[in-house]
Amino acid sequence: EQVAGILIEQEAATSEIASGVSVIAKMSAENVELIDGAIGTLEKSAPIVAKSIDEFVKLGTPNATIHAAKSDHMIWMRRLAQMIAGRTQLNPKELADHHSCRLGKWYDAQQDPKLTGHPSWKALVGPHKEVHRAGIAAAEAFNSGDLEGAIRLVHEAGMASEDVMRLLNDLTPPASK
C-alpha cells in the first residue's frame with residue numbers, strides 16, 4: 001500500500017513535469033530551478049520504489065507487474081524531463097522499444113485470459129508503442145540540437161503515457177479491504 005501511495009505521488013509529479021516540459025525553453029531561471037528541484041525529488045524516491053517493486057515482482061505479489069510497469073513509465077518520463085532540463089544525455093540507440101521494456105515483455109508473454117480478454121488490454125498496445133516512439137524520437141531530436149522538436153516529442157510521449165497509466169489502472173482490480 002505504501003508503494004502504491006508513492007507511485008500515485010510519483011505519477012502526479014511526473015504528469016506535472018511532462019505538462020511543464022512544453023514551456024521549459026521559455027521559462028526563467030527561477031522556474032527552471034523549480035523543475036530541476038521536482039526532478040531531484042523524483043530521483044531520490046525512484047530507487048526506493050524500484051527496489052520495492054522489484055521485490056514484489058520476484059515474490060509474485062498480485063498486480064506487481066502492473067505496478068512495475070507504472071513505475072517504469074514514470075521513470076521513462078522522468079528521464080525525458082531530465083534530458084530536456086540538461087541533467088542527462090540519452091542515447092536513442094540504447095533506449096528500449098515497446099517490446100523490450102518490462103511492460104512489453106510481460107504483455108507479449110501474457111496468457112491470462114482475465115487480462116488478455118479485458119478491453120483495456122488490446123487498447124494498451126497503441127499508446128505504449130507511442131510512448132517509446134516519441135521518447136526515442138525526442139532523444140534523437142535533442143541530440144541533434146532540435147530543442148523545440150524534443151520538447152514537442154516529450155509532450156507527445158507524456159500524452160501517450162497518461163493513456164498507458166489509465167489503461168494499466170483499468171487492468172488493476174481494486175484492492176480488497
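Structure: above.
A. Inspection of the packing of helix H7 (residues 125-143) against helix H8 (residues 147-171) at higher detail. Two numbers describe how H7 lies on H8: the axes approach to 8 Å, and their chain directions differ by 160°. Judged by the inter-axis angle, H7 sits roughly antiparallel to H8. Our pair here, H7 against H8, has a crossing hand that is left-handed. Facing Pro127, His128, Glu130, Val131, Arg133, Ala134, Gly135, Ala137, Ala138, Ala141 and Phe142 of H7, the residues of H8 in contact are Leu147, Gly149, Ala150, Leu153, Val154, Glu156, Ala157, Ala160, Ser161, Asp163, Val164 and Leu167. Split by residue class, the contact of H7 with H8 holds 15 nonpolar, four polar and four charged.

B. View of the packing of helix H3 (residues 64-84) against H8. It is the contact of H3 with H8, at a shortest axis distance of 10 Å, that shows an interaxial angle of 170°. Taken as axis vectors, H3 and H8 run roughly antiparallel relative to one another. Crossing angle aside, the handedness with which H3 passes H8 is left-handed. Taking contact as the criterion, the partners of Ile66, Ala69, Lys70, His73, Met74, Met77, Leu80, Met83 and Ile84 in H3 are, on H8, Leu147, Ala150, Ile151, Val154, Ala157, Gly158, Ser161, Val164, Met165, Leu168, Asn169 and Leu171. Here the contact of H3 with H8 is built from residues that sort into 16 nonpolar, four polar and one charged.

C. Expanded view of the side chain of His73. With respect to the helices, strands and loops of the structure, His73 is situated in helix H3. Apart from residues lying up to four places away in sequence, His73 is in contact with Leu103, His128, Val131, His132, Ser161, Val164 and Met165.

D. Quick peek at the pattern of salt bridges. For the structure shown, the criterion picks out six salt bridges. The partner of Glu130 in a salt bridge is Arg133, and the shortest N-O contact between them spans 2.7 Å. In this pair, Glu130 and Arg133 both sit in helix H7, three residues apart, roughly one turn of the helix. Since its relative accessible area comes to 24%, Glu130 is described here as partly exposed. Of the residues examined, Arg133 reaches a relative accessible area of 40% and is grouped as partly exposed. One salt bridge in this structure joins Arg133 and Glu156, with 2.9 Å as the shortest N-O distance. Of this pair, Arg133 sits in helix H7 while Glu156 sits in helix H8, and the two are 23 residues apart along the sequence. Judged by relative accessible area, Glu156 falls into the partly exposed class, the value being 25%. Within this structure, Glu130, Arg133, Arg152 and Glu156 form a network of salt bridges that share partners.

E. Inspection of the nonpolar core at higher detail. The biggest cluster of nonpolar side chains holds 34 residues, and the ones touching the most others in it are Leu80, Met83, Leu103, Leu124 and Leu168. Looking at which element gives the most residues to this core, the answer is H8, with 10 residues. Not counting chain neighbours up to four residues away, the residues in contact with Leu103 comprise Ala69, His73, Leu124, His128, Val164 and Leu168.

F. Quick look at the packing of aromatic side chains. What the rule picks out here adds up to two aromatic pairs. Summarising the aromatic geometry, the rings of Trp106 and Trp121 are spaced 5.3 Å apart at their centres and angled 75° between planes, so their arrangement reads as edge-to-face. Highlighted residues: Trp106 in helix H4 (residues 102-109) and Trp121 in helix H6 (residues 119-123), separated in sequence by 15 residues. Owing to a relative accessible area of 17%, Trp106 belongs among the buried residues under this scheme. Residue classification places Trp121 among the buried residues on the basis of a relative accessible area of 4%.

Rules used in this analysis
Residues numbered from 1 in each chain as written. Predicted model: local features only at pLDDT ≥ 70, side-chain atom pairs only at ≥ 80, totals over all residues. Heavy atoms only, no water. Axes fitted to C-alpha atoms, helices over the stretch in contact; angles between N-to-C directions. Helix = DSSP H or I, 4+ residues; strand = E, 2+ residues; numbered from the N terminus. Parallel < 35°, antiparallel > 145°, perpendicular 65-115°, else oblique. Left-handed = near helix turned anticlockwise from the far one by under 90°. Contact = heavy atoms within 4.5 Å. Nonpolar A, V, L, I, M, F, W, Y, C, P; charged D, E, K, R; others polar. Salt bridge = Lys/Arg side-chain N within 4 Å of Asp/Glu carboxyl O. Buried < 20%, exposed > 50% of the residue type's maximum accessible area, 1.4 Å probe, protein only. Core = buried A, V, L, I, M, F, W, Y, C linked by side-chain atoms within 4.5 Å. Phe/Tyr/Trp six-rings, centres within 6.5 Å; stacked < 30°, edge-to-face > 60°.

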